[in-house]
Each structure stands twice: as C-alpha cells, then as structure tokens.
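# Secondary and tertiary structure notes
Here's the letter readout for the chains.
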Amino acid sequence: QKDLDGDGRLSLAEFTRTDSPRGTEHWTGQFQRADVDGDGFMNLEELKAWHTGDSDKRHTMLSLLQSADRDGDEHLSAEELANARHFFEQGSAEDIAALHDMKRWIEHHEL
C-alpha cells in the first residue's frame, strides 16, 4: 500500500506519507533506525524488523553497548558491565533515551 512506485522497497517519502498526528519528524527517525544498510530505502526485511520492534531493539542494544564500552573494543567486559548501571544513571540524554527504548521494548514484549 505504501510502495507507490512498486519497486519492492520504501523510500523515506513513501514511508513518511501518513495521516498520523506524530508528524514527519517522528517517522523520519523511525525510518532512519530501520534502514540498517543505510541505502536510503527500507527493504522487506528491514520493514519486518521495524514492524516487530526488532529495529528498536537493535538500536537500543547498540546504544547501550557504545555507552558502556569504555575501552571502545566493541565488547563488554565484566567490569564494564558492572559499571554500566552507574554510568547510565548519570549518563547523557541519549543514554537515558536508550534505556527508555529498552523499557518500552520489554513492556511491548511483556518480558
């Protein structure tokens, strides 16, 4: 229904074409999170991940990892994991937003 040109993927313009009261800015952010390969289009797999909440989960986990990974090795050590709670309690707005996303995801999936 949204794929106006029938190419099997959604452009930002196709995705943000909505009557939703949330507005274009909200949907643009959703699109950017879901466009995992960064090609400017949402393919079927990306759309499925967005629809099920998996793209939010991925974004949240990457944000949490980047914030807690103090040495930048893209792995969390036991020490980094132990320190993560303190870091997030005093973290940036982005860290707090990541935690909020994770809580929303947990509530959505009733975990």
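Further up the page is the structure itself.
Throughout, residues of each chain are indexed from 1 in the direction in which the sequence is written. Thresholds applied to this predicted model are a pLDDT of at least 70 for local features of residues and 80 or more for the giving and counting of side-chain atom pairs; totals over whole chains, interfaces and linings are not thresholded and use all residues. Excluded from the side-chain calculations are hydrogens and water; all other atoms, namely the structure's heavy atoms, are used.

### A look at the packing of helix H2 (residues 24–34) against helix H4 (residues 54–68)
We apply this condition: The angle between two axes is taken between their N-to-C directions and runs from 0 to 180 degrees, where each axis is a line fitted to C-alpha atoms and a helix contributes only its stretch in contact. Put simply, DSSP H or I for four residues or longer makes a helix, DSSP E for two residues or longer makes a strand, and each gets a number counted from the N terminus. These descriptions rest on fixed angle ranges, namely under 35 degrees for roughly parallel, over 145 for roughly antiparallel, 65 to 115 for roughly perpendicular, and the rest for oblique. Contact definition: two residues touch when any of their heavy atoms are within 4.5 Å.
In the contact formed by H2 and H4, the axes pass within 9 Å of each other and the chain directions differ by 75°. As judged from the angle between their axes, H2 and H4 are roughly perpendicular. Along the contact surface, H2 presents Gln30, Arg33 and Ala34, while H4 presents Ser55, Asp56 and His59.

### Description of unusual backbone geometry
Threshold: Classification of residues uses two cut-offs on accessible area relative to the type maximum, computed with a 1.4 Å probe and protein chains only: under 20% is buried, over 50% is exposed, and between them is partly exposed.
Although it is not a glycine, Glu74 adopts a positive phi angle of roughly 65°. Position of Glu74 among the secondary structure elements: in the loop between H4 and helix H5 (78–89). The exposure class of Glu74 is exposed, given its relative accessible area of 62%.

### Structural notes on the environment of Asp37
Selection criterion: Polar contacts, as counted here, are pairs of nitrogen or oxygen atoms within 3.5 Å of one another; within protein the pair requires one atom able to donate a hydrogen and one able to accept it, and residues that are adjacent in sequence qualify only if both atoms are side-chain atoms.
Along the chain, Asp37 falls in the loop between H2 and strand S2 (41–42). Under the relative-accessibility criterion, Asp37 is labelled partly exposed at 46%. The contact partners of Asp37, leaving out residues within four places of it in the chain, are Asn43 and Glu46. In this structure the side chain of Asp37 is engaged in a polar contact, spanning 3.2 Å, whose partner is the backbone nitrogen of Asp39.

### Here we look at the packing of aromatic side chains
Rules: Between the rings of Phe, Tyr and Trp (Trp by its six-membered ring), a pair exists once the centres lie within 6.5 Å; its type follows the angle of the planes, with under 30 degrees stacked, over 60 edge-to-face, and the other angles tilted.
Across all of its chains, the model carries four aromatic pairs by this definition. An angle of 50° between the planes, with centres 5.7 Å apart, marks the rings of Phe15 and Phe31 as tilted. In this pair, Phe15 sits in helix H1 (residues 12–16) while Phe31 sits in helix H2, placing the two residues 16 residues apart along the sequence. A relative accessible area of 3% places Phe15 in the buried class. Residue Phe31 is classed as buried on the basis of its relative accessible area, which comes to 4%.

### Describing the pattern of salt bridges
Pairing between side chains of opposite charge can happen when their charged atoms approach one another. The condition is simple: Note on definitions: salt bridges are taken to be side-chain nitrogens of Lys or Arg within 4 Å of carboxyl oxygens of Asp or Glu.
Enumeration over the complete set of coordinates arrives at two salt bridges. In this structure, Asp7 engages Arg9 in a salt bridge whose closest nitrogen and oxygen atoms are separated by 3.3 Å.

### Focus: the side chain of Glu46
The cut-off we apply is this: Asp and Glu count as negative and Lys and Arg as positive, but His and the ends of the chain are not part of the count.
Residue position: Glu46 is located in helix H3 (residues 44–52). No salt bridge forms around the buried Glu46; measuring N to O, its nearest opposite-charge neighbour Arg9 is 8.5 Å away. Of note is the side chain of Glu46, whose polar atom sits 3.0 Å from the backbone nitrogen of Val36. Setting aside chain neighbours within four positions, we find Glu46 in contact with Ala34, Asp35, Val36, Asp37 and Phe41.

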